[in-house]
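Coordinates in review
So you can see what is in the structure, the chains are spelled out below.
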Amino acid sequence: MASSPDKEKQGSLWFKNKKALNNVLFAMRLHSLTPKQALSQNQTAKQPTGKTLDNFTLTNLVSDKTSLLSDEILLKILSKLPNSQRSANFLVSKRWLNLQGRLVRSIKLLDWDFLISGRLFLRFPNLIHVDLVNGCLISPRNSGIFVSHNQIVSFHVGSDVEHKDWFFDESFVLDANEVDKGLIVLANGYPNLRKLIVINASEIGLLNVAQECPTLQELDLHMCNDRILLGIAGCKNLQILRLSGIVDGIYSSLVSDIGLTILAQGCKRLVKLELSGCKGSYEGIRAIGQCCQMLEELALCNHKMEDGWMLALSYCENLKSLRFSSCKRIDGCSGVDEHLGFCRAVESLCLEKCQLRDKNSLRALFVVCQNVRELVLENCWGLTDDMFGTANVLRRVRCLTLEGCSLLTTHGLESVIIPWNELKSLKVKSCNNIKDSEVTPTLSSVFSFLKDLKWDPDTKAFLTANLAGSGLKKKGVMFFKKSCDWKSLPQVHRISDS
């Protein structure tokens, strides 16, 4: 809708009349000040020196209008900006540098001295999430060699390595006493800390964190062992805990039933627990199930559990989600169905990048989780039709996700999901042995009753369908088409003569 010329003049007058704009900004400044400061500011402004006032307003106020705003108002304005525009705000002025630091809530520390010297608190006074792992690692920052392991730990290494097994040793990480000093400094500076990620700490440093940071809710411990877990007994409000014990080729720390029992008795409000490379057995899992009655999510990554540990899952009465990741085995001792028990509350079961080679242990897992509503199998090795057939003990599955299961066929899929009367969602991706041409009318009828169907099993067929008619296969012939006599080139003569 077009506006009249008079309204355009009125709108542009606000920006052209700098004196009027300065008066408004000056009034905003007075409004944000205390009564005593506003009175002194008014007395200064009412002095009968018109030129001085005009010079003051024009030079000092118009040049930097944000100086009239209080820190609280400017912080509210800066907090409304998207994250993509916040990163460069600190370049405006020192004031904006300090204000921008007050808006930062999460940081990943790279320089350990930045924490020990206290500069971290001056630069970022309101942090609640702190990651100290990269700051604890002693590695060259300018090296082009970067080591990462399953998103658990990552670091740079130099090229001047003498031994073949150079991945990780004690020289790559700060001493536990030095890490504890940093934790003490961090706890004293951030009493409202909610999330902490640290490596190679000891129970002394964690006890200080537990005492000074009562609001700590999430904790990640790398290079964890049984003794370190003594320090988290004071974290009464801890809800999310991730323990990393043994990381193949990187470091090896022992978390056994002793540590799991200490953990269970100290952190009774846990809601989510992730055990990566941890040893243990029936006793440790049972202690967690009996003490941590609020536990809803349990994740096992490359676990080193002893046979029979799965029998203790029935003690986790409120467990809703169970996830396995990068596990070479599930449990070597399957047991009898009557002795297995089952988790009544489990609704989601996820297996990702696991080696499924033992049919009995996989069936035992399905028996324990027989009430699951969501089943996810992603990039699992050894999932044949016979192995997937053990899922017939599941009768209440409503959502099934299959991805990267290349050994599973259409017949194996059909034999399992047809009895699932409650199935509402099916997602099949990159399962190359499941063919569209092998879909039977019975399986098609199952598809017709689904509310959500994502069917992309054969990636090769999908690629061929997309390339059809594009002439991409012929481009190679066109590119290498003989367009001249190669023997006429002088370089070719030289090569043939030689």
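Residue positions within a chain follow its written sequence, with the count starting from 1. Per-residue local features are limited, in this predicted model, to residues with pLDDT of at least 70; the limit for side-chain atom pairs, both in listing and counting, is 80 or more; totals at the level of whole chains, interfaces and linings are taken over all residues. In computing side-chain values, all of the structure's heavy atoms are included and hydrogens and water are not.

An unreviewed UniProt entry annotates the chain as F-box protein originating from Rehmannia glutinosa.

Describing the overall build of the chain
Secondary structure counts use DSSP, requiring at least four H or I residues in a row for a helix and at least two E residues in a row for a strand, with both numbered from the N terminus. A count of helices and strands for the chain gives 22 helices and 19 strands. Within the chain, the proportion of its 498 residues that are buried is 40%. What makes two residues a contact is simply this: any of their non-hydrogen atoms within 4.5 Å. Contacts spanning at least 24 positions in sequence make up 67% of the contacts within the chain whose residues lie at least 6 apart. Computed with a 1.4 Å probe, the accessible areas rest on the Shrake-Rupley method; for each residue, only the protein chains presented here act as cover. A total of about 28,000 Å² of accessible surface is found on the chain, and carbon and sulfur atoms cover 54% of it. Think of it in three bands: with a 1.4 Å probe and only protein chains considered, a residue is buried below 20% of the maximum accessible area for its type, exposed above 50%, and partly exposed in between.

A word on the packing of helix α5 (residues 71–79) against helix α7 (residues 94–103)
For helices, the fitted axis covers only the stretch in contact; all axes are lines through C-alpha atoms, and the angles between them, taken along N-to-C directions, range from 0 to 180 degrees. As a packed pair, α5 and α7 sit with axes 10 Å apart at the nearest point and diverge in direction by 65°. Crossing hand, α5 versus α7: right-handed. Across from Asp71, Leu74, Leu75, Leu78 and Ser79 in α5, the residues of α7 making contact are Arg95, Trp96, Leu99, Arg102 and Leu103. Note on residue categories: nonpolar means Ala, Val, Leu, Ile, Met, Phe, Trp, Tyr, Cys or Pro, charged means Asp, Glu, Lys or Arg, and polar means any other residue, Gly included. Looking at the contact of α5 with α7 residue by residue, the classes come out as 6 nonpolar, 1 polar and 3 charged. By convention, the crossing between two helices is left-handed when the near helix turns anticlockwise from the far helix through less than a right angle, and right-handed when the turn is clockwise.

Concerning the pairing of strand β16 (residues 374–378)
For a regular strand, side-chain orientation follows a simple rule: the groups alternate between the two sheet faces. For two strands to count as paired, DSSP must find a minimum of two bridges between them. By the bridge criterion, 5 bridges tie strand β15 (residues 348–352) to β16 in an arrangement that is parallel. Each residue of the ladder has a partner; that of Ser348, found in β16, is Glu374. With the strands aimed away from the viewer, a crossover counts as right-handed if its path from the first strand over the helix to the second runs clockwise. Viewed along the sheet, the connection from β15 through helix α16 (residues 359–368) into β16 turns out right-handed. With 5 bridges joining them, β16 and strand β17 (residues 399–403) adopt parallel strand pairing. In the sheet register, Val376 faces β17, and the bridge partner there is Thr401.

Looking at helix α19 (residues 441–448)
Burial in α19 covers these residues: Leu443, Val446 and Phe447. The buried residues of α19 occupy one face: seen down the axis, they fall within an arc of 100°. Away from the buried face of α19 by more than 90 degrees, exposed residues Pro441 and Ser448 are located. On its buried side, α19 packs onto α18 (410–417), β18 (425–429) and β19 (452–456). Read the arc as the range of directions from the helix axis to the C-beta atoms.

Remarks on the pattern of salt bridges
Two side chains bearing opposite charge may form a pair once their charged atoms approach each other closely. Think of a salt bridge as a Lys or Arg side-chain nitrogen and an Asp or Glu carboxyl oxygen that are within 4 Å of each other. For the coordinates displayed, the defined rule picks out 9 salt bridges. A salt bridge links Lys195 to Glu218; the nearest nitrogen and oxygen atoms lie 3.6 Å apart. One end of the pair, Lys195, is in strand β5 (residues 195–199); the other, Glu218, is in strand β6 (residues 218–222), with 23 residues separating them in the sequence. With relative accessibility at 21%, the residue Lys195 sits in the partly exposed group.

Section: the packing of aromatic side chains
Any pair of Phe, Tyr and Trp rings, taking the six-membered ring for Trp, is counted once the centres come within 6.5 Å. Such a pair is stacked with planes under 30 degrees apart, edge-to-face with planes over 60 apart, and tilted for the rest. On inspection of all chains with the given rule, the structure shows 4 aromatic pairs. Between Phe121 and Tyr190 the ring centres are 5.0 Å apart and the planes differ by 50°, which places this aromatic pair in the tilted class. Taken together, the positions of Phe121 in helix α9 (residues 119–123) and Tyr190 in the loop between α11 (176–189) and β5 put the pair 69 residues apart, joining distant regions of the chain. An angle of 55° between the planes, with centres 5.0 Å apart, marks the rings of Phe447 and Trp455 as tilted. The exposure class assigned to Phe447 is buried, which follows from its relative accessible area of 15%.

Quick word on the nonpolar core
One finds Leu132, Phe324 and Leu351 to be the most contacted residues of the largest nonpolar core, which totals 112 residues. A total of 6 residues in this core trace back to one element, the largest contributor, which is α16. Not counting residues within four places of it along the chain, the set of residues in contact with Leu132 comprises Leu109, Trp112, Leu115, Leu183, Leu186, Leu196, Ile197 and Val198. Each nonpolar core is a collection of buried residues, namely Ala, Val, Leu, Ile, Met, Phe, Trp, Tyr and Cys, held together in the definition by side-chain atoms within 4.5 Å.

Details of the state of the cysteines
Put simply, a disulfide is two cysteine sulfurs that come within 2.5 Å. Inspection of every chain in the model, using the stated rule, returns 0 disulfides. Unpaired in terms of disulfides, Cys224 finds its nearest cysteine sulfur in Cys278, a separation of 6.7 Å. Taking the relative accessible area as the measure of exposure, Cys224 reaches 0% and is therefore buried. Its sulfur unpaired, Cys316 is 6.1 Å from the next cysteine sulfur, which belongs to Cys343. Look at Cys316 and you get buried, because its relative accessible area is 5%.

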